[in-house]
Amino acid sequence: MEPLASRLRPDTLDGFVGQEHLVGAGKPIRAAMEELHLFSFILWGPPGVGKTTLARIYADAIDAKFYELSAVSAGKSDVKAILDESYDGHKILFLDEIHRFNKAQQDYLLPFVESGKLTLIGATTENPSFEVIPALLSRCRVFVLKELSEEDMRRIIARAPVVIDDSARDWLIALASGDARQALTVIDATLALYKSVTVEHLTQTIQSKHLRYDKAGEEHYNTVSAFIKSMRASQPDAAMYYLARMVEAGEDPLFIARRMVIFASEDIGLAQPTALVVANAVFRACETVGYPECAINLAQGVAYLAHSKKDRSAHDALRAAQSDVRTHGNLAIPLVIRNAPTKLMKELNYGKGYEMYGDASFLPEELKGKHYF
């Protein structure tokens, strides 16, 4: 039987749940569908939030032929077969997990995307700035999808053709952490085993599953999350254990090291600035050494980061400043700190009264007195 998640997949935006910032009235993806605007883009977000569904709905609205490949198993020959297929209309290639395509494979795609012979929709859980080559990335818009809210999850679970009481539904929502596919898959498995969905049956279903580290599945994200949270809590033993799980599973060492570089600034920051130096050195070591020896470099870095004092003030200051930018737009920069390379600009008081070490705030007038730290 077709999986529940597939059976409940909506065909139009009317049935699509979540991502209102992209598909709401006047928002970019909905507007593109309404205007029949064909363009390449990348959907970046956590698992189970609607990336594949949204790509299919878009292709249908544009009236384009939809080809779906997974970068885990596909290669240049699969792309070539699509290009060689005789078809007069628009072709959309949906490439799931585009971050798994190597540079050569992405280079192969580039001229066809650039010429418009193929419209690309990539889906990724990884930051495309790191995983997609710049030339290809520059020819695609990037849309960031958010984790589904509890209300979104309730609406999706309510569509399942089974009675689920409030306690079982709430348990399932907590388990899935915004991943609709995971929630529906668990419902499917529970029904197959027990014919009804209760907290007890859900718990037994989860426990009966053979847990393994799947680099394309939920255990991957659970392990990475546990790894980061263990370092954040300054628990080096736990952090080392989750590192070992990833290493034993053959996780890309650069993926692990990249998370450590981010962590060094996000969670340690000003408390121990050398953490960023160490994390970058670990990343470089992984690039040059590779497995199996680079696991030792990772271990040293993890021990250092986990033992380091933590300070998120720089991270939090950035997020607060970004919030003001989004709220207020580009506020006028005070004249006193504007550059004055021409006579006219000087006459307009650009740079007038500037003191390098003065006490006057350099923030825009509307934000004077605002503190991000």
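Please read these numbers as outputs of a predicted model, since none were measured by experiment. (Residues numbered from 1 in each chain as written. Predicted model: local features only at pLDDT ≥ 70, side-chain atom pairs only at ≥ 80, totals over all residues. Heavy atoms only, no water.)

Novice: I tried to follow the packing of aromatic side chains on my own but got confused; where do I start?
Specialist: The relative placement of two aromatic rings is captured by the distance of their centres and the angle of their planes. A complete count under the given rule lists nine aromatic pairs for this structure. Their ring planes at 85° and their centres at 6.0 Å tell us that Phe39 and Tyr58 sit as a pair that is edge-to-face. Pair noted here: Phe39 is in the loop between α3 (28-34) and β1 (41-44) and Tyr58 is in helix α4 (residues 51-62), with a separation of 19 residues, a long-range link. Here Tyr58 falls in the buried class, since its relative accessible area comes to 1%. For the pair Phe66 and Phe94, a centre-to-centre distance of 5.9 Å together with 25° between the ring planes defines the contact as stacked. With Phe66 in strand β2 (residues 65-70) and Phe94 in strand β3 (residues 91-96), the pair connects residues that are 28 residues apart, well separated along the chain. Under the relative-accessibility criterion, Phe66 is labelled partly exposed at 24%. (Phe/Tyr/Trp six-rings, centres within 6.5 Å; stacked < 30°, edge-to-face > 60°. Helix = DSSP H or I, 4+ residues; strand = E, 2+ residues; numbered from the N terminus. Buried < 20%, exposed > 50% of the residue type's maximum accessible area, 1.4 Å probe, protein only.)

Novice: Got a minute to help me understand the packing of helix α15 (residues 253-268) against helix α16 (residues 274-289) in this structure?
Specialist: For any two helices packed against each other, the geometry is given by the interaxial angle and the distance between the axes. Between α15 and α16, the shortest axis-to-axis distance is 9 Å and the interhelical angle comes to 175°. As far as their axial angle goes, α16 and α15 are roughly antiparallel. Here Pro253, Leu254, Ala257, Arg258, Met260, Val261, Ala264, Ser265 and Ile268 of α15 lie close against α16, whose contacting residues are Ala275, Leu276, Ala279, Asn280, Val282, Phe283, Cys286 and Glu287. The residue inventory of the contact of α15 with α16, partitioned by class, reads 13 nonpolar, two polar and two charged. (Axes fitted to C-alpha atoms, helices over the stretch in contact; angles between N-to-C directions. Parallel < 35°, antiparallel > 145°, perpendicular 65-115°, else oblique. Contact = heavy atoms within 4.5 Å. Nonpolar A, V, L, I, M, F, W, Y, C, P; charged D, E, K, R; others polar.)

Novice: Is there a simple way to think about the domain arrangement of the chain in this case?
Specialist: Accessible area lost during the coming together of the parts is what is often quoted as the interface size. Each assigned domain of the chain is listed with its residue range as follows: domain 1 (19-144), domain 2 (150-207), domain 3 (218-307) and domain 4 (318-367). The distance between the C-alpha centroids of domain 1 and domain 2 comes to 31 Å. (Domains from an automatic or database assignment.)

Novice: Hey, could you run me through the pairing of β1 in this one?
Specialist: Along any regular strand, the residues point their side chains to alternate faces of the sheet. Direction of pairing for β1 relative to strand β4 (residues 119-124): parallel, over a ladder of four bridges. Counterpart to Ile42 in the pairing with β4 is Gly122. Relative to strand β5 (residues 141-144), β1 is paired through four bridges, and the arrangement is parallel. Looking at the pairing, Phe41 lines up with Arg141 of β5. (Pairing = 2+ DSSP bridges.)

Novice: Sorry if this is basic, but what is going on with the sheet that holds β1 here?
Specialist: Two pairing modes exist for strands in a sheet, parallel and antiparallel, and in both the strands are linked by backbone hydrogen bonds. Here five strands make up an open sheet; going across it, the order is β2-β3-β4-β1-β5 and the pairing parallel. Edge positions in the open sheet fall to β2 and β5, since each of these has one partner strand only. Between one strand axis and the next, the sheet turns by 20° as a mean value, whatever way the strands run. Strand direction decides the pairing type here: β2 and β3, joined by six bridges, are parallel. The partner of Glu68 across the bridge, within β3, is Phe94.

Novice: Looking at this structure, how should I read a nonpolar patch on the surface?
Specialist: Taken together, the side chains of Ile333, Ile337, Tyr354, Met356, Tyr357 and Phe362 make up a nonpolar region of the molecular surface, amounting to roughly 670 Å² of accessible area. Considering the arrangement of structural elements, one finds Ile337 in the loop between α18 (313-328) and α19 (343-347). (Patch = residues over 30% accessible without salt bridge, like charges linked within 9 Å, V, L, I, M, F, W, Y side chains within 5 Å. Areas by Shrake-Rupley, 256 points an atom, 1.4 Å probe, with all protein chains shown as cover. Salt bridge = Lys/Arg side-chain N within 4 Å of Asp/Glu carboxyl O.)

Novice: Looking at this structure, I do not really get helix α11 (residues 180-194). What am I missing?
Specialist: Note: α-helices contain 3.6 residues per turn, so residues at a spacing of three or four share the same orientation. In a regular helix each residue adds 1.5 Å, so 15 residues correspond to 21 Å; α11 covers 21 Å between its end C-alpha atoms and thus fits that length. Taken as a whole, α11 has its buried residues at Ala180, Gln182, Ala183, Leu184, Val186, Ile187 and Thr190. With its phi angle positive at about 70°, Lys195 sits one or two positions after the end of α11. (Expected span 1.5 Å × (residues − 1).)

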